Amino acid sequence: MDKIQITGGRKLQGEVNISGAKNAALPLIASSILVNGKICFTNVPDLMDITSIRLLLEDLGAECNVSPGCLEVDGSLIDKIEAEYDLVRKMRASILVLGPLVARFGHAKVSMPGGCAIGARPVNMHLSGLEALGATISIEHGYIEAKADRLVGSEIYFDMPTVTGTENLMMAATLAKGKSVLRNAAREPEIVTLAQALNKMGAKIEGAGTAIITIEGVKELHPADIKIIPDRIETGTFMVAAAATCGDILIKGCEPDHIGGIISKLKAAGAIIEIFKDSIRVVGSKTIQSIDIKTLPYPGFPTDMQAQFMTLMTIATGNSMIHESVFENRFIHANELLRMGADISIRNGNIASIRGVKELQAAPVMASDLRASASLVIAGLIAKGTTTISRVYHMDRGYEAIEKKLSLLGADIKRMK
Ligand code: EPU
């Protein structure tokens, strides 16, 4: 299994280009199931999770062509409605094929996603939403089976905003008969870009980006060319890495409008931030101020940036508090940071108090999930000595060429096979 070795102490300097967003690409690629034709995606990041969804679509019968940054998916050849355990277990987001399959073929069988390191992550709202659209749902032998002659538009209320739940139901409702209204919908930029792409394919969706999304069902969708938006979490991760190392970097090809919460919090922590149309300059300050954070659904502070900010706070002046309110078990990285000399205590499983220390020390550490791996990379960049991070397959799921990008910014980082 690959490991990453980082010798800390270098300031990041220079320019970095942001890749396409994983969490935008996954539902968009799943949406090609809805179309009897070929969709061409560009700005597709080269990531394990993208390979996973492509292999899943290929297993369903879709024809996929991969070239650098591009993916073509021909959904006209899909002849299987079952997403198998061996493919789904590699990536929970595989649940995103459920809505499109039942909407287009009237039948879907998808392996139930299992437990996850960061929380229970049930899919009950995806299923009750599909039931509201008229599907009959059964769960047997670890598989969710959904059946419907044709989905019928309906009112769907989410008990809490769910990103992939909103995406699944928005996709399903595009081919339903009549009008659907999703209330308390997630408002992430990934929802907006999915709605725009579906509309480009002929769907009639309004309100994406607000808590109420209206979908007027259509009979069929048509092919379109879709460009993946920049990854706001990769952007934020480089911003924190620059601030933590007291660096000075220009982050290019990003979307500043999508990261308001991250910008505000980094400014409060003392970083100097210049915002341009599609780039951001971050200049770290020698003294990092402690700040408090509470993760929330968008436009609140993203849970996917919580771990990286925790690393930053380990070397801030004073005490900070991080409240993780989206997932119930997303502090596993804290134990690894403790091994590097951080001073963190956790209350009720989801509130972390961090007392800033003068410096972190290098140590062998283990990544437990994607964003935890990013927090450990940032810890390695600032720690004294050489840190080895194992289980970096988590990182490869969602950060394209991260060690190459960091090396170009001056980091002493290498991958060991
Ligand atoms: N939830 C339920 N029932 C459901 C669905 C969700 O109780 O049916 C709960 C979850 O357990 C969680 C909360 O609702 O407590 C919000 O979860 P959400 O459904 O929004 O998360 P998700 O759609 O499974 C996406 C991202 C995650 C990101 C979260 C929150 C993708 C593919 N994944 O997950 O990204 O953390 O939204 O923003 O879009 C990552 O990229 O590292 C990652 C984990």
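## Quick notes on the overall build of the protein chain
A count of helices and strands for the protein chain gives 14 helices and 24 strands. Relative to the globule expectation of 22 Å for 417 residues, the C-alpha radius of gyration of the protein chain, 21 Å, shows essentially globular dimensions. Dimensions of the protein chain, computed from C-alpha atoms along their principal axes, come out at roughly 65 × 45 × 40 Å. Across the protein chain, every contact between residues at least 6 apart in sequence was considered, and the portion connecting residues at least 24 apart equals 73%. Here the protein chain displays about 16,600 Å² of accessible surface, and carbon together with sulfur accounts for 49% of that area. Averaging the positions of the 45 positive and the 45 negative side-chain charges in the protein chain gives two centres separated by 5 Å.

## A closer look at the packing of aromatic side chains
What the rule picks out here adds up to one aromatic pair. Ring centres of Phe301 and Phe309 lie 5.0 Å apart, and the angle between their planes is 90°; this geometry places the pair in the edge-to-face category. One cation-aromatic arrangement involves Lys109 over Tyr143; the distance from NZ or CZ to the ring centre is 5.4 Å.

## Observations regarding the nonpolar core
By size, the foremost hydrophobic cluster in this structure holds 77 residues, and its most contacted members are Phe41, Val97, Met170 and Leu198. Ranked by residues supplied to this core, first place goes to helix α1 (residues 22-31) with six residues. Apart from the residues lying within four places of it in its own chain, the contact partners of Val97 are Ala30, Ile33, Ile53, Leu56, Leu57, Ala83 and Val110. Judged by nonpolar contacts, the second largest core, of 67 residues, contains Ala242, Ala244, Phe309 and Ala374.

## Section: the pattern of salt bridges
Applying the stated criterion across every chain, the model contains 21 salt bridges. In this structure, Glu145 engages Lys147 in a salt bridge whose closest nitrogen and oxygen atoms are separated by 4.0 Å. You can call Glu145 partly exposed: its relative accessible area is 21%. Within this structure, Asp2, Asp396, Glu403, Arg415 and Lys417 form a network of salt bridges that share partners.

## A closer look at the packing of helix α8 (residues 232-244) against helix α10 (residues 306-314)
The contact between α8 and α10 brings their axes to 10 Å, and the two run at 5°. The orientation of α8 with respect to α10, classified from their angle, is roughly parallel. Contacts from Ile233, Thr237, Val240, Ala243 and Ala244 of α8 reach α10 at Gln308, Phe309 and Leu312. In terms of residue class, the contact of α8 with α10 is built from six nonpolar, two polar and no charged.

## Quick look at the site of the ligand
As a matter of local geometry, the ligand sits amid 21 residues, with Asn124, Thr162, Thr164, Asp304 and Val326 nearest to it. Between Asn23 and the ligand, the recorded distance is 3.0 Å, taken from a side-chain N or O atom to an oxygen atom. One of the side-chain nitrogen or oxygen atoms of Arg121 is found 3.0 Å away from an oxygen atom of the ligand. Computed on the free molecule, the ligand has an accessible area of 830 Å², of which 88% lies beneath the protein chains in the complex. When contributions to the shell around the ligand are tallied by element, the ones reaching two or more residues are α1, α5 (124-132), α6 (163-174) and α12 (370-382).

## Side note on empty space enclosed by the protein
One pass over the structure, following the stated rule, counts three cavities of 30 Å³ or more. Of the voids in this model, the largest cavity is the one considered here, and its volume is about 60 Å³. What lines the largest cavity is Ala21, Lys22, Asn23, Ala24, Glu190, Asp231, Arg232, Ile233, Asp304 and Arg371. Of the residues assigned to the lining of the largest cavity, the class counts are three nonpolar, one polar and six charged. Roughly 50 Å³ of volume is contained in the second largest cavity. Around the second largest cavity sit Thr237, Phe238, Ala241, Ala374, Val377, Ile378, Leu381, Ile402 and Leu406, which together line it. Contributions of two or more residues to the lining of the second largest cavity are made by α8, α12 and α14 (402-408). For the lining of the second largest cavity, the leading source of residues is α12, giving four residues. For the lining of the second largest cavity, the class distribution of residues is eight nonpolar, one polar and no charged.

## Structural notes on α10
Of all nine residues in α10, nine are buried; the element is thus mostly enclosed. When we look at burial in α10, the residues that qualify are Gln306, Ala307, Gln308, Phe309, Met310, Thr311, Leu312, Met313 and Thr314.

## Regarding the environment of Ile378
Mapped onto the secondary structure, Ile378 falls in helix α12. The exposure class assigned to Ile378 is buried, which follows from its relative accessible area of 1%. Residues Ile378 and Ala242, spaced 136 residues apart in sequence, show a C-alpha to C-alpha distance of 9.1 Å. When neighbours within four sequence positions are excluded, Ile378 is seen to be in contact with Thr237, Val240, Ala241, Ala244, Gln308 and Thr311.

## As for the environment of Pro161
Structurally, the position occupied by Pro161 is in the loop between β10 (155-157) and α6. Judged by its relative accessible area of 29%, Pro161 falls in the partly exposed class. As a C-alpha pair, Pro161 and Met125 span 36 residues in sequence and 9.6 Å in three-dimensional space. The contact partners of Pro161, leaving out residues within four places of it in the chain, are Asn184, Ala185, Ala186 and Pro297.

Definitions and cut-offs
Residues numbered from 1 in each chain as written. Predicted model: local features only at pLDDT ≥ 70, side-chain atom pairs only at ≥ 80, totals over all residues. Heavy atoms only, no water. Helix = DSSP H or I, 4+ residues; strand = E, 2+ residues; numbered from the N terminus. Rg over C-alpha atoms; globule rule 2.2 N^0.38 Å. Contact = heavy atoms within 4.5 Å. Areas by Shrake-Rupley, 256 points an atom, 1.4 Å probe, with all protein chains shown as cover. Lys, Arg positive; Asp, Glu negative; His and termini not counted. Charge placed at Lys NZ, Arg CZ, Asp CG, Glu CD. Phe/Tyr/Trp six-rings, centres within 6.5 Å; stacked < 30°, edge-to-face > 60°. Lys NZ or Arg CZ within 6 Å of the ring centre and 35° of its normal. Core = buried A, V, L, I, M, F, W, Y, C linked by side-chain atoms within 4.5 Å. Buried < 20%, exposed > 50% of the residue type's maximum accessible area, 1.4 Å probe, protein only. Salt bridge = Lys/Arg side-chain N within 4 Å of Asp/Glu carboxyl O. Axes fitted to C-alpha atoms, helices over the stretch in contact; angles between N-to-C directions. Parallel < 35°, antiparallel > 145°, perpendicular 65-115°, else oblique. Nonpolar A, V, L, I, M, F, W, Y, C, P; charged D, E, K, R; others polar. Near = heavy atom within 4 Å. Polar contact = N/O pair within 3.5 Å; in protein donor to acceptor, adjacent residues only side chain to side chain. 1 Å grid on protein atoms, 1.4 Å probe; cavity = no way out; pocket = protein on both sides within 12 Å on 5 of 7 lines; lining within 4 Å. Points joined across faces, edges and corners; volume = space filled by probe spheres on them.

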